[in-house]
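Letter by letter, the chains look like this.
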Amino acid sequence: MPHDLSDPAALRALLAHAVPAVLALGALLAPLPALRVEAVWRAACATVRLALVAAVGSAVAAVAEPGGGGAAASARPVVLVLVALVGWVLARYSRTYLEGEPGQHRFVRWLLGALAGASLVVATDDLLVLALAWIATSLALQNLLVFYRDRPNAQMAAHKKFLASRLADVCVLTAVALLYSTFGTRSVGELAELAAASHALAPAAQVAVTLVAVAVLLKSAQLPVHGWLIQVMEAPTPVSALLHAGVINLGGFVLIRLGELVSATPAAQVLLVVVGGLTAVIAGLVTTTRISVKVALAWSTCAQMGFMAMQCGLGLYEMALLHLVAHSLYKAHAFLAAGGTVQRSVVGAMSPQAPTRSTTSRVLVALASLAAVFVATHLAGVPVLERPALAAMSVVVALAVTPFLGGAADGAGRLARWSGPAIAFAVVVLYFALHHVLEAWLGTAPSRVPTPTDTALAAFVAGAFVLLFAVQTYVASRGSERPARLLYAWVYGGLFLDERFTRLTLRVWPVRISSEGSSIPNLRHDTTR
Amino acid sequence: MTATAVPPRRPDASTADAVREACRRVAPTWPLDRFIAVNPYWGYVDRDVRSVAAELAALAGVDTFVPRTRRLEQVRRGEITREDLGAALRTAGSALSVDELLAKAEDEPAPPRRTTLVTDVADRSRLRREPQSWGDVVVHQISQHTASYFDRTQSSWSLPREFGLFGTWRRLLATDRGLPMRAGRADFARRVTALPETAPTCIEFVVEKLGVRPEHRAAYFGALLATVRGWAAWCAYRRWQAELAGGSDDHVVELLAIRLAWELLLVEDHGLLDRLPAWRRELEEHADEVRRLRSVHDVDWLLQHAAEIAFQRGLVHGLRSSADRVDAARAPDVQAVFCIDVRSERLRRALEDASLDAVRTRGFAGFFGLPVAHVPIGTEAARPQLPGLLAAAIAVGETCEHASHVAERRRDALARGRLWSRFKGSASSVFTFVESLGLLDGVALLRTSLATSLGRAARPARADLAGLRAQDASRLRPSWDAAVPEVTMQRRVELAAGVLRSMGLVRDFARLVLLVGHGSTSANNPHAAGLDCGACGGGTGEVNARLLAALLEDPAVRTGLAARGVEIPATTHFVAALHDTTTDDVRLFDTDELPASHADDLRRLEAWLAAAGDATRAERAASLGLGELRARPNALAGALRRRAADWAQVRPEWGLAGNAAFVVAPRARTRHMDLGGRVFLHDYDWRTDDGFATLELILTAPMVVTNWINLQYYASTVDNRRFGSGNKVLHNVVGGNIGVFEGNGGDLRIGLALQSLHDGREWRHEPLRLGVFVEAPAAAIDDVIERHEVVRRLVDNGWLHLFRIDDDGASHVRCPGGGWREAERALRD
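1. Concerning the overall build of chain A
Per the secondary structure count, chain A includes 24 helices and zero strands. Relative to its length of 529 residues, chain A is compact, with a C-alpha radius of gyration of 24 Å against a globular reference of 24 Å. By its C-alpha atoms, chain A is 70 × 65 × 50 Å across when sized along the principal axes. Taking all 529 residues of chain A together, the buried fraction comes to 59%. In chain A, the share of contacts with a sequence separation of at least 24, taken over all contacts with a separation of at least 6, comes to 79%. Here chain A holds 36 positive side-chain charges and 24 negative ones, and the gap between their average locations is 10 Å.

2. Description of the interface of chain B and chain A
At the interface, 125 residues of chain B touch 120 residues of chain A. Of the roughly 10100 Å² buried where chain B meets chain A, counting both sides, 61% is carbon and sulfur surface. By the criterion of area lost to chain A, the three top residues of chain B are B:Trp157, B:Phe431 and B:Glu435, representing 10% of everything that side buries. Here chain B and chain A share one salt bridge between them. Linking B:Glu162 and A:Arg485 is a salt bridge whose minimum nitrogen-to-oxygen distance equals 3.5 Å. Of all the elements, helix α17 (residues 403–425) of chain B adds the most residues to the side of chain B that touches chain A, at 14 residues. Class assignment for the residues of the side of chain B that touches chain A results in 47 nonpolar, 43 polar and 35 charged.

3. Points about empty space enclosed by the protein
Residues and elements named next belong to chain B. Enumeration over the complete set of coordinates arrives at 12 cavities of 30 Å³ or more. One number sums up the size of the largest cavity: a volume of about 350 Å³. If you trace the largest cavity, you find 26 residues lining it, with Val-26, Ala-27, Pro-40, Arg-229 and Phe-723 closest to the centre. Elements with a contribution of two residues or more to the lining of the largest cavity: α2 (49–60), α11 (214–227) and α12 (229–244). Each residue belonging to the lining of the largest cavity can be placed in one class, and the counts come to 20 nonpolar, four polar and two charged.

4. A closer look at the sheet that holds strand β8 (residues 573–580) of chain B
All names here are of chain B. Strand order across the open sheet formed by five strands is β2-β1-β7-β8-β9, with mixed pairing between neighbours. Edge positions in the open sheet fall to β2 (359–364) and β9 (586–588), since each of these has one partner strand only. Adjacent strand axes in the sheet meet at a mean angle of 25 degrees when their direction is disregarded. Relative to β2, strand β1 (residues 334–339) runs parallel, the two sharing six bridges. The residue bridging Val-337 from the neighbouring strand is Arg-362, located in β2. Together, β7 (512–519), β8 and β9 form the strand contacts of helix α22 (residues 542–553), whose direction differs from that of β8 by roughly 175 degrees.

5. Description of the side chain of B:Arg229
Residues and elements named next belong to chain B. Mapped onto the elements of the fold, Arg-229 is located in helix α12. Although Arg-229 is buried, it forms no salt bridge, and the closest oppositely charged side chain is Asp-747 at an N-O distance of 6.0 Å. Excluding residues within four positions of it along the chain, Arg-229 makes contact with Ala-60, Val-62, Arg-722, Phe-723, Asp-747 and Ile-750.

6. Brief notes about the sheet that holds strand β5 (residues 394–399) of chain B
Residues and elements named next belong to chain B. Strand order in the open sheet made by the four strands is β4-β3-β5-β6, with mixed pairing throughout. In this open sheet, the two edge strands, each paired with only one partner strand, are β4 (383–384) and β6 (477–484). Two strands pair when backbone bridges link them, and β5 and β6 are joined in this way by five bridges, in the antiparallel orientation. Considered in β6, the bridge of Ala-395 is made with Val-484.

7. Comments concerning the pairing of strand β14 (residues 771–775) of chain B
Residue and element names in this part refer to chain B. Across the five residues that make up β14, a large majority, five, are buried. The two faces of β14 match: Gly-771, Phe-773 and Glu-775 on one face and Val-772 and Val-774 on the other face are all buried. The pairing of strand β10 (residues 661–664) with β14 spans four bridges and is parallel. Residue pairing across strands places Ala-661 opposite Gly-771, the latter belonging to β14. Relative to strand β15 (residues 801–805), β14 is paired through five bridges, and the arrangement is parallel. Each residue of the ladder has a partner; that of Val-774, found in β15, is Arg-804.

8. Comments concerning α2(B)
Residues and elements named next belong to chain B. Between its terminal C-alpha atoms α2 stretches 16 Å, which fits the 16 Å expected from 12 residues at 1.5 Å a residue. Among the 12 residues that make up α2, 11 are buried, leaving the element largely enclosed by the rest of the structure. Among the residues of α2, Val-49, Ser-51, Val-52, Ala-53, Ala-54, Glu-55, Leu-56, Ala-57, Ala-58, Leu-59 and Ala-60 are the ones counted as buried. Those residues of α2 that are buried lie in contact with α11, α12, α15 (286–320) and α28 (720–723). If you check the start of α2, you find a side-chain oxygen 3.1 Å away from the backbone N of Arg-50, and it comes from Asp-48. Just beyond α2, the residue with positive phi is Gly-61, at close to 75 degrees.

9. Side note on the environment of A:Ala459
Residue and element names in this part refer to chain A. Of note, Ala-459 is situated in helix α22 (residues 452–478). Assessed through its relative accessible area of 49%, Ala-459 is described here as partly exposed. C-alpha of Ala-459 to C-alpha of Arg-49: the two residues are 410 residues apart in sequence and 46 Å apart in space.

10. Some words on the nonpolar core
As a rule of thumb, soluble globular proteins bury nonpolar side chains together. One finds A:Leu314, B:Leu210, B:Tyr220, B:Phe221, B:Trp231 and B:Trp262 to be the most contacted residues of the largest nonpolar core, which totals 346 residues. Those residues within four positions of B:Trp262 in sequence are excluded, and the remaining contacts are B:Val138, B:Gln141, B:Ile142, B:Trp169, B:Leu173, B:Leu179, B:Met181 and B:Phe188. Counting 37 residues, the second-largest nonpolar core is a separate cluster that includes B:Ala105, B:Val299, B:Val316 and B:Leu675.

11. Quick look at the pattern of salt bridges
Residues and elements named next belong to chain B. Evaluated as defined, the whole model comprises 85 salt bridges over all chains. The shortest N-O distance in the salt bridge between Glu-824 and Arg-320 comes to 4.0 Å. Note that Glu-824 is positioned in helix α31 (residues 823–827) and Arg-320 in helix α15, a separation of 504 residues in sequence. Residue Glu-824 is classed as partly exposed on the basis of its relative accessible area, which comes to 24%. Put simply, Glu-542 and Arg-462 hold a salt bridge, and the shortest N to O gap is 3.6 Å. With Glu-542 in helix α22 and Arg-462 in the loop between α19 (440–450) and α20 (470–475), this residue pair connects regions lying 80 residues apart in the sequence. On the basis of relative accessibility, which here comes to 32%, the residue Arg-462 falls in the partly exposed class.

12. What to know about the packing of helix α11 (residues 250–257) of chain A against helix α15 (residues 317–336) of chain A
All names here are of chain A. Direction vectors running N to C along α11 and α15 enclose 155 degrees, while the axes themselves pass 10 Å from each other. In terms of their interaxial angle, α11 and α15 are classed as roughly antiparallel. Pair α11 / α15 crosses with left-handed handedness. Judged by residue contacts, Gly-252, Phe-253, Leu-255 and Ile-256 of α11 engage Tyr-317, Ala-320, Leu-321 and Leu-324 from α15.

13. Observations regarding the state of the cysteines
Applying the stated criterion across every chain yields a total of zero disulfides over all chains. We note that A:Cys302 lacks a disulfide partner, and the nearest cysteine sulfur, in A:Cys312, lies 16 Å from it. Under the relative-accessibility criterion, A:Cys302 is labelled buried at 0%. B:Cys533 supplies the cysteine sulfur nearest to B:Cys339, a cysteine that is in no disulfide, at a spacing of 4.1 Å.

14. Description of helix α23 (residues 482–492) of chain A
All buried positions along α23(A) are accounted for by A:Ala484, A:Tyr488, A:Ala489, A:Val491 and A:Tyr492. The inward-facing, buried residues of α23(A) abut α13 (266–287) and α22 of chain A together with α7 (134–150) and α8 (164–175) of chain B. A:Gly494 occupies a position one or two residues after α23(A) and carries a positive phi of about 60 degrees.

About the thresholds
- Residues numbered from 1 in each chain as written.
- Chains lettered and ligands numbered in written order.
- Predicted model: local features only at pLDDT ≥ 70, side-chain atom pairs only at ≥ 80, totals over all residues.
- Heavy atoms only, no water.
- Helix = DSSP H or I, 4+ residues; strand = E, 2+ residues; numbered from the N terminus.
- Rg over C-alpha atoms; globule rule 2.2 N^0.38 Å.
- Buried < 20%, exposed > 50% of the residue type's maximum accessible area, 1.4 Å probe, protein only.
- Contact = heavy atoms within 4.5 Å.
- Lys, Arg positive; Asp, Glu negative; His and termini not counted.
- Charge placed at Lys NZ, Arg CZ, Asp CG, Glu CD.
- Buried area = accessible area lost by both parts, 1.4 Å probe.
- Salt bridge = Lys/Arg side-chain N within 4 Å of Asp/Glu carboxyl O.
- Nonpolar A, V, L, I, M, F, W, Y, C, P; charged D, E, K, R; others polar.
- 1 Å grid on protein atoms, 1.4 Å probe; cavity = no way out; pocket = protein on both sides within 12 Å on 5 of 7 lines; lining within 4 Å.
- Points joined across faces, edges and corners; volume = space filled by probe spheres on them.
- Pairing = 2+ DSSP bridges.
- Axes fitted to C-alpha atoms, helices over the stretch in contact; angles between N-to-C directions.
- Expected span 1.5 Å × (residues − 1).
- Polar contact = N/O pair within 3.5 Å; in protein donor to acceptor, adjacent residues only side chain to side chain.
- Core = buried A, V, L, I, M, F, W, Y, C linked by side-chain atoms within 4.5 Å.
- Parallel < 35°, antiparallel > 145°, perpendicular 65-115°, else oblique.
- Left-handed = near helix turned anticlockwise from the far one by under 90°.
- Disulfide = S-S within 2.5 Å.

Honestly, it's all geometry; don't read function into it.
So, in structure tokens, the structure goes:
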């Protein structure tokens, strides 16, 4: 790496690499066994603070002097700041939260280790380093997931995750080898430029990109290998926040970084849209049947990652990036604040009941919303008619805002009646404005006219979301009828996909888990705690 | 199964009786937003505590004691003396010497052999491809089903309920494709469908099939319910509420039917028929195991009682030496009535000290005897503001100027909030939410994360203020005029007179009478209500204090009271207040309505309260790891307020940890003592108690409440896995407010979290049965015991220790079954 700091690119790279370097150093040095817990945490907090400063510095440098390296290169500083920020919040939180818990040295080591790995995935331009960092992140996280080693369910979930992750690792490493042998470079930036310049990707490269897509689906807990994500609530809350906000979305980041390659690989696109889209819809429905807050959040992550993968398949990398960042912030907050669920339930009980609306009125409102969104976006100059992917997103957004449009029918107060449509309008405007700005900034606008595959995939997505809306409408009005009850049983069971996958896992690699395990300090060993 | 395998049936013990017996033993658990303390042994108080400990150990492996090593450690450190041990030995009539007892205590007993279930038999032959124990699989399945049956908050698409808990379970299980059954899904579905359709018939069917003898059924059912203790407790809560309202509820029977049906399903699925005879023989060993454990426990009970004596000795001694420090003839400037909560003790002492006894404090149940529920303005959510033992009779609303406008504004705000949560929570809109407004959560993340570092400590949001503008919230007050049913003037006067009589406050009113409720402040804490006022149904005491102040400030009520012989001087004013037990700040309400004549009184009172807050905080500092700030009052106050607002804080305060005694006597009896926040204090003067009606009330209500609190802390400490909720960092809220799982699933957890009892190094709660000290004539106390079964059970079955204080401060301990012994002699070796 050149160290001439007058070169902005070098400065940027140095600052970016400083983030994983600082975190890795912290992971090694902060939890020295000789140090007292308080000192370990002081060191850990200093580490994440420094990492955050470096990340922000690299982002400032990037804004001041944008460089090349593929259309979505600007995603790097953004995601780097995100990882550092999440790390900073988590370290501060955990320091208080884990007071008195045994094994805090271990916790700090793997927390900083996982953050170092994640930030290196983001910072590096070398595909091999990226792959290795990704694997390292997963291994560090594994240690946090079994923080309470004696909890049986923690072991089972970790076991399943380990299998899925290692399979993903094989895919990634194979893909790296294939890409290197095809293009002769490991630089992601150069790969992107080469892919953009060529008309069609070589078959080997297409295989490689498809393998990357498979790895991403495996690592972001898409159906049917989602079980581990749902069942890892056996570790302290900040570990869940780290997983859901800082690690699981790396798959999305890799797809965005390799956007030019993905867009040139129809097999990968189809895979991402079909698996991601189905996961988004199914896991989204399952979320609404969950009875505990953390498990509901986990299913929601599963759905969100599906949606993000789907958007990558559709070529909407700027929306995928927005999704990645916003979801991280939202999910980190949701997990860390999960204790407030009780208070929110009290507020919910105080709130006026939403009146049940008839199926007809729901459908009419949805149709009106669809029409309004299409007309409005078209008039505003959004190319919804030219780009099927945007049309599909318009359907998603139009159906999403329908709850705001039923205000008059809901009989809510005067203010709610008018603020509903106003909010809906604002959401739609904000959505497409963000899309417009981000696409221009990242330079992710598609360089080719939509292919029939693109159109078919967009139609698939639109259809899936219309179906989702239809199911919800049906359940809302006919929830107690027999077909709805049967549907409930299947959705509540997550289509029983995980159980099948678990049985398969155990056939491939059995594990025996002791019962009656628990993190509770045994009173009998009171004095040693 | 052949007919000979089924033992002959005794006609006298019907299955229904056994079901009733097992189900009534389950103590309820309140939802998290009303998380009052419950004695988890409540269903067993009709039996002697020793036999219950043995029974629970044999039934479900329940632990009732701290490890003997810990008691021995206390002996070594001198916290338990040889004298204490000797007194315990003598009280028990034991032939052992102290040294013999200590020698025996060196051996930790073998863990109990709990009742074997068919599920355990299945687990003995677990296959290699079965990673989880069948016990865990069954509990998980039942727990998830029961949660989805009761949840109407977390899930927006919920399980239809029309077939009941058991009926929906039976139907859903037949369609379940996720269970790792050995004989395959179709076979399993067929067996599930073959189960009888209702819970009682299913129970009868299964016990007959399993061949459980009638006399073993109750214990067997009890052992089964113990595997789903949390949900059984939830069902018991539903039953409790239904019975308070004059109805009934049988969900707990349905839960039992489900758990029992699983036993048969496992027998059929695993082909365990030939193992049943041996299993039945194991069931029959239950009685022997109970007997064995009773004798094993002898040593533990002696050590336990010695620890209790060690604490009580100091109290007995202190009560005796009570010097009349307070000049009774000097009228106090202020009378302040606090809740009996142990946390009031510190602040009361500090307030008396700071004011040089110009403030005279009293203890009374923190709901101030008002049988009310509170309905926040603009809502229909009535929140009971009284102990869980009682049902609210009056729903009180809030008023202010332009109340209807405020109400409408709030309804709008709440409706908007509901729309938002629907937008954020619905499958079809959550993606759009993330991509349009999700970034705003980054702002929330930063703000909350920095809340503790920002200069002014942000107070955590309060649910009861949701949807209100700050200026509206500050103007609102609970009002008798907004009550349903309407409260007539006559009823108001009756209420006021009744409360004042029970308080013993009917004459010699000071110029200011402070009515102090209490509440806590913590952020992001599912068990926050557990730190609030248990007497107010797990809410803060604000509403009750303000309602009582309003009642007693009403001139018409005062006129009515005068007619009943309670003359409140015109110069006396009642002020409501709230003691924040986390920060020890005291907030006064509605002081703008005090006449100018009382401005100086108010100013002085505020200064005393501030000084008392500083002193109380300094006393608590070390226990919260803030010992180094003890001498810097402002820094300490700031640190405590920040701590209370910290979303990562799992130990905002120690709640009622350490509670060990309940003193029912005039404050003068304890005024000279530092009780360390471990004692409930209820003011009571038997000389002014007509017909001992107040005594009867105290022993039947506040004493029961203190027993519930005391044994909740006790049980959560000695067996946190079964009676506590485990590790807070793993808590996962179920059903919005129903309870928590520890981690991913498993049974619903009841009781207190480890972090409420343990600081990471040592236990903060010492599990001691409550010592209740009552200053009243023996005959009067005996009479209440005689007439009230609940009191008799608690006292005679050893669930608490009852002491009587006589006129010169000497304590007498109540002997089991009757009679009193002089405590100092009883405690002497």
